[in-house]
Amino acid sequence: MPPGKFAYGMDLSSLTIVGTILSFIHLLGILTSVHAVMNGRTPQGAIAWALTLVFIPYFSLPIYWVFGRSKFQGYINSRRVGNERVREHTKQLRPVDPRFLSDLNQNLRYKVLEELADYPFTTGNSVELLIDGDATYDAIEEAIRSAREYILFQFYIIRDDESGRRFRELLIEKAQEGVRVYFLYDEIGSYQLPHKYLEPMRHAGVSVSPFHTTKGRGNRFQLNFRNHRKIVVADGRVALVGGLNIGNEYQGKSERFGPWRDTHIRLAGPAVQSAQWSFVEDWYWANHMTPDLQWQEEGAENGTQQVLILHSGPVDDLETCGLFFAHLCNVACKRVWIASPYFVPDRQLIAALQLAALRGCDVRIMLPERPDHLMVYLSSFAYMHETATENIRFYRYQPGFLHQKVILIDDELAAIGTANLDNRSVRLNFEIMASIVDPEFAKQVETMLERDFDQCVEVDPHELPTRSFMFRLIVSLSRLLAPIQ
């Protein structure tokens, strides 16, 4: 071997360069671990990031800077300025017309929800429960066709398939009639959406925009924050929110998932203005302009239901979504029924569920049997085992994929929207939930969930210790990574 040469043909200078690069990567990993500890969303997440950044920085550094940050700083800075500008254009929205103010804020359980939402419950609303894809898509189509002034159309996932093209053609038709159409999508959730899907709408005069998750200094390479909201508003009179996106699988046409179980609502009345407000904030972030919309509140025909719209996201001063879930569990006296595709609760939600069970509440949690995100699915075994007490029962939905996000509290409050029981919804996603206080509507939701429970298999939450060592190891690893998923 020639002097100065080592194995694999590397000379001393090359080794020095490699050593310097490796040392720099490790130093950067250590410094970044300090950032993770100082800014972690949870202690568990901070520890998980810190350990991986110190010991395997080659892999964890790029992942952390893409997925690890908990604050959408570009959005925060823009929103502080933007919200004031939005309010200048929508002064009619606040305060609420006294005719539609609810008296629920006299009750502490509801006053807390109003504080979280920074908006009151309103009365004079009408809410229709929409079960599964066909009913939801028909209601969305009806709302679009009824619009005479404008349509707001926002979804996390939009597919270029039969269902997606159905709504594209409807929106083009309305735009050609002179109706203003605003089309907002999350470019990460809809990463498969091709330009050829969007171009016909643009040519027809539809205002098309991605949410621009990566806009803003320091956000260009991050992929962790998603706009998970699903909102349709027609003329400020009708709104639809819930769990369904736009695609064939949401109508049960997927071979992988089979029948798709989901829930949406159609809302009319003054609460529509709050759903519209959520869209406007997102649209302003994406485009730095506010559409000229209708902000005059009107009661729905025969509307008597009391509704609160809560929109949450990583820009909130508080963890609004997590506090919302915990508070609902804490105020329950009789029942906490939850349907969610994911179960990755944090400590405060685990404690709230356990306290509800200890008070004697009927606590039931419905989860899917078929996973769409394997790691989250595996994590749920550990969290079920950790959460379970005598009065907490877990069910796995059998016919197909369960995607609905529904909470039923006692005999009067139902919440339906986009938020899941996981770290992503609580801390990373922009979400929207509608809370409806009305015994008759709560009864409809109870009947719906009872039918769903009849199609479930109750599972033993304490089965994990009886499973194989390899399964328990994989579950434990999945749970360890849950805070950073």
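Now for a quick tour of the structure.

**Examining the overall build of the protein chain**
The secondary structure content of the protein chain amounts to 15 helices and 18 strands. Evaluated residue by residue, the protein chain yields a buried proportion of 59% over its 485 residues. Once local pairs closer than 6 in sequence are excluded, the contacts in the protein chain between residues at least 24 apart make up 81%. About 20,700 Å² of surface is accessible on the protein chain, with carbon and sulfur atoms providing 57% of the total.

**Some details on the packing of helix 7 (residues 162–176) against helix 8 (residues 195–204)**
Put simply, helix 7 and helix 8 touch, their axes get as near as 9 Å, and they point 15° apart. Judged by the inter-axis angle, helix 7 sits roughly parallel to helix 8. When the axes of helix 7 and helix 8 are compared, the crossing they make is left-handed. For the pair helix 7 and helix 8, the contacting residues are G164, R165, R168, L171, I172, A175 and Q176 in the first and K196, Y197, P200, M201 and A204 in the second. Among the residues forming the contact of helix 7 with helix 8, the class breakdown is seven nonpolar, two polar and three charged.

**Some remarks on the pairing of strand 1 (residues 122–131)**
Examined bridge by bridge, strand 1 and strand 10 (residues 305–312) share two bridges and lie antiparallel to one another. Within the sheet, the bridge partner assigned to N125 lies in strand 10 and is Q305. As defined by bridge partners, strand 1 adjoins strand 9 (residues 263–268) across six bridges and the pair is classed as antiparallel. Looking across to strand 9, one finds that L129 is bridged to I265.

**As for a nonpolar patch on the surface**
Nonpolar side chains collect at one region of the surface, where F469, M470, L473, I474, L477 and L480 lie side by side and expose about 580 Å² of accessible area between them. Along the chain, the position of L480 falls in helix 15 (residues 469–481).

**Topic: the pattern of salt bridges**
Applying the stated criterion across every chain, the model contains 28 salt bridges. The salt bridge involving R261 is made with D452; its shortest N-O contact spans 2.9 Å. Taken together, the positions of R261 in strand 8 (residues 260–261) and D452 in helix 14 (residues 439–454) put the pair 191 residues apart, joining distant regions of the chain. The class for R261 is buried, based on a relative accessible area of 4%. Here D411 and R335 are joined by a salt bridge, their closest N and O atoms 2.4 Å apart. Placement of the pair is D411 in the loop between strand 15 (406–409) and strand 16 (413–417) and R335 in strand 11 (residues 335–339), with a sequence separation of 76 residues. The partly exposed category is assigned to D411, whose relative accessible area is 35%. Exposure remark for R335: the relative accessible area of 5% places this residue in the buried category. One salt-bridge network, in which partners are shared between bridges, spans D138, E141, R145, R166 and E173.

**Some points on unusual backbone geometry**
Trans peptide bonds make up the majority, and among non-glycine residues the majority have a negative phi. A positive phi angle is found at D118, which is not glycine, with a value near 55°. Within the fold, D118 resides in the loop between helix 5 (108–117) and strand 1. Unusually for a residue other than glycine, N302 sits at a positive phi of about 60°. Along the chain, N302 falls in the loop between helix 9 (272–287) and strand 10. N302 gets classed as exposed once you look at its relative accessible area, which sits at 70%.

**Some remarks on the packing of helix 10 (residues 320–331) against helix 11 (residues 347–358)**
Remark: helix 10 packs on helix 11, axes separated minimally by 8 Å, with the N-to-C direction vectors making an angle of 10°. Judged on the interaxial angle alone, helix 11 and helix 10 are roughly parallel. When helix 10 is examined against helix 11, the residues G322, L323, F325, A326, C329 and N330 are found in contact with a partner set consisting of Q348, L349, A352, L353, L355 and A356. Grouping the constituent residues of the contact of helix 10 with helix 11 by class yields nine nonpolar, three polar and no charged.

**Side note on the environment of V208**
Position of V208 relative to the elements: it lies in strand 4 (residues 207–210). Looking at V208, the relative accessible area reads 14%, which means it is buried. It is 8.3 Å that separates the C-alpha atoms of V208 and Y185, two residues lying 23 residues apart in sequence. Setting aside residues up to four positions removed in sequence, V208 forms contacts with F183, Y185, L198, M201 and R202.

Reading guide: rules and limits
Residues numbered from 1 in each chain as written. Predicted model: local features only at pLDDT ≥ 70, side-chain atom pairs only at ≥ 80, totals over all residues. Heavy atoms only, no water. Helix = DSSP H or I, 4+ residues; strand = E, 2+ residues; numbered from the N terminus. Buried < 20%, exposed > 50% of the residue type's maximum accessible area, 1.4 Å probe, protein only. Contact = heavy atoms within 4.5 Å. Areas by Shrake-Rupley, 256 points an atom, 1.4 Å probe, with all protein chains shown as cover. Axes fitted to C-alpha atoms, helices over the stretch in contact; angles between N-to-C directions. Parallel < 35°, antiparallel > 145°, perpendicular 65-115°, else oblique. Left-handed = near helix turned anticlockwise from the far one by under 90°. Nonpolar A, V, L, I, M, F, W, Y, C, P; charged D, E, K, R; others polar. Pairing = 2+ DSSP bridges. Patch = residues over 30% accessible without salt bridge, like charges linked within 9 Å, V, L, I, M, F, W, Y side chains within 5 Å. Salt bridge = Lys/Arg side-chain N within 4 Å of Asp/Glu carboxyl O.

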